[in-house]
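# Analysis of the macromolecular model
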Amino acid sequence: MDKITPRNAATVAVARDGPAGLETLLLQRAERGDHNSGAWVFPGGLVDAADADVPVSGLSDEQANATLAVEQGGLAFYVAAIRECLEEAGLLFATDGIGQGVHLRSDAGARLLDLRPALQSGTASMAEACRELQLRLAADQLFYVAHWLTPVGRTKRFDTRFFVAIVPQGQESAHDQVETLDHIWIRPSAALAPENTRRLMTPTRAVLELLTRFADTAALVEWGGSSREVMRVLPRLATGESGQRPVLPHEAPWEEIGLIDPEGKGTAWCEPRANVPVRLSSTLWRVMATNGANTYIVGTEECVVVAPASAARAHLDAVIAALAGRLTTVICDDEDQIAAAEQLQRLTGAALVIAPRRGFLRLLTASSPGNKP
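Residues numbered from 1 in each chain as written. Predicted model: local features only at pLDDT ≥ 70, side-chain atom pairs only at ≥ 80, totals over all residues. Heavy atoms only, no water.

### Here's the deal with helix α5 (residues 126-133)
Among the residues of α5, Met126, Ala127, Ala129, Cys130 and Leu133 are the ones counted as buried. Along the axis of α5, the buried residues cluster in a sector spanning 165 degrees; they form a single face. Away from its buried face, by an angle of more than 90 degrees, α5 presents the exposed residues Glu128, Arg131 and Glu132. Looking at the buried residues of α5, the elements they touch are α2 (74-89), α3 (107-114), α4 (116-121) and β7 (136-138). Of the residues flanking the start of α5, the one acting as N-cap is Ser125, its side-chain oxygen 3.3 Å from the backbone nitrogen of Ala127. Downstream of α5 by a residue or two, Gln134 has a phi angle that is positive, lying close to 55 degrees. (Buried < 20%, exposed > 50% of the residue type's maximum accessible area, 1.4 Å probe, protein only. Helix = DSSP H or I, 4+ residues; strand = E, 2+ residues; numbered from the N terminus. Arc of directions from axis to C-beta. Contact = heavy atoms within 4.5 Å. Polar contact = N/O pair within 3.5 Å; in protein donor to acceptor, adjacent residues only side chain to side chain.)

### Focus: α2
Taking 1.5 Å per residue as the helical rise, α2 with its 16 residues ought to reach 22 Å, and the 23 Å between its terminal C-alpha atoms agrees with that figure. Here α2 lies mainly inside the structure; 16 of its 16 residues are buried. At the C-terminal side of α2, Gly90 shows a positive phi close to 70 degrees. (Expected span 1.5 Å × (residues − 1).)

### Describing the pattern of salt bridges
In this structure the tally under the stated criterion is 10 salt bridges. With its nearest N and O atoms 3.3 Å apart, the salt bridge here joins Arg83 to Glu87. Remark: Glu87 and Arg83 occur in helix α2; sequence separation between them is 4 residues, near one turn of the helix. Classification of Arg83 as buried rests on a relative accessible area of 5%. When its relative accessible area of 4% is taken as the criterion, Glu87 is described as buried. (Salt bridge = Lys/Arg side-chain N within 4 Å of Asp/Glu carboxyl O.)

### Details of the packing of helix α1 (residues 61-68) against α2
Between α1 and α2, the shortest axis-to-axis distance is 7 Å and the interhelical angle comes to 90 degrees. Taken together, the axes of α1 and α2 lie roughly perpendicular to each other. Across the interface between the two elements, Asp61, Ala64, Asn65, Thr67 and Leu68 from α1 touch Gly74, Leu75, Phe77 and Tyr78 from α2. (Axes fitted to C-alpha atoms, helices over the stretch in contact; angles between N-to-C directions. Parallel < 35°, antiparallel > 145°, perpendicular 65-115°, else oblique.)

### Quick look at the sheet that holds β7
Read across the open sheet, the 3 strands follow the order β5-β7-β6; overall the sheet is mixed. Single-partner strands in this sheet number two, and they are β5 (56-57) and β6 (94-95). In this sheet, β7 lies alongside β5 in parallel orientation, the contact comprising 2 bridges. The residue of β7 that forms the bridge with Ser57 is Ala138. (Pairing = 2+ DSSP bridges.)

### Description of the nonpolar core
Ranked by internal contacts, the top residues of the largest apolar core, which has 45 residues, are Val14, Tyr78, Leu112, Leu137, Leu142 and Phe163. Looking at this core, the elements that each hand over two or more residues are β1 (7-18), β2 (21-29), α1, α2, α3, α5, β7 and β9 (158-166). Counting residues per element, this core draws most heavily on α2, at 10 residues. If we ignore the near neighbours within four places in the chain, the residues touching Tyr78 are Leu59, Ala64, Thr67, Leu68, Ala139, Leu142, Tyr144 and Phe163. Listed in part, the 25 residues of the second largest apolar core include Leu26, Phe143, Val145 and Leu200. (Core = buried A, V, L, I, M, F, W, Y, C linked by side-chain atoms within 4.5 Å.)

### Some words on the environment of Gln343
Mapping Gln343 onto the fold places it in helix α11 (residues 335-348). Taking relative accessible area as the criterion, Gln343 reaches 21% and is therefore assigned partly exposed. Here the alpha-carbon distance between Gln343 and Ala50, two residues 293 residues apart in the chain, equals 70 Å. If sequence neighbours within four positions are ignored, Gln343 has contacts with Ala311, Arg313 and Leu316. A distance of 3.0 Å separates a polar atom in the side chain of Gln343 from a polar atom in the side chain of Arg346.

### A word on the confidence of the model for the chain
Looking at the chain as a whole, the pLDDT averages 88, with 91% of positions reaching at least 70. Below pLDDT 50 for its whole length, residues 366-373 participates in 9 contacts with residues either more than four positions away or in separate chains. (pLDDT = per-residue confidence, 0-100.)

Following this line, the structure appears as structure tokens:
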């Protein structure tokens, strides 16, 4: 079904205490010709193969694998998040040879900051730089909070782990002016406010909503260190009145979208539409009435059964159009459906079957109105 294999990625929402409460860092993505271009995001990017070789402190392979629920390679996600944060935002989570936090104004920190463009271009290695400068990336300063998978159908797909961390003491952020064009420290609630016109991706919004729960970094760290289960989120692309958008698993249309559009073309509709036939499978259609009730059309080329939900003529006309002359049986199971069933029977000449919730089926034909229950 999915021809594009998602690539592993990692991102970190960096937080600090501001005058009005907790703030987080957002960067504006440069134009890259994809759906992320121009969006305001957290520092992050792809996991490189070399990330597995970078020395880290505070976290073992086994601990990282258990936290991320992976069989191997968990530490590489932490390393990628830290490396990308240095490359894109100029912030470094690292310790020196004696386990102390590294200040970017120190000799080792300044040297690593000088290597920032070369690290970004791939002409320098983070693993080699850390070993040369006797640094270890501080993986234990990152807290794992979310796991998002890009919807099927996107031309670029990412399997992304989201972390949160507190800005290292004494460090100042600076966007790289290559992959990121601007940056801002902003309160999560302000970033989510309607008056903020900066474009935010769906996973970014979700993490921002999470951050609104914390008044300051102390509360965030206390929660970050607690035990919890992180569930993977796979949105599905669908269409609504305002255009195509990702639909989240908690939304009502999510299951149906996966059923009728498994390739993620975005053709499934994610909002109710009255009197529009929707093909759910090769043998099942649904037509929604204006009152929200559903008529289901069940069957094959040889036999089609319908249980109409509304007697409104516009609804019945939509059902008949979807049937394309194939209706053989109209079925109903309670008195509320009888009027709609009889009207559809008269319009099509099909047989009418009464299917009570208790007891046996009863057949009512157009020529025997006296059999009406």
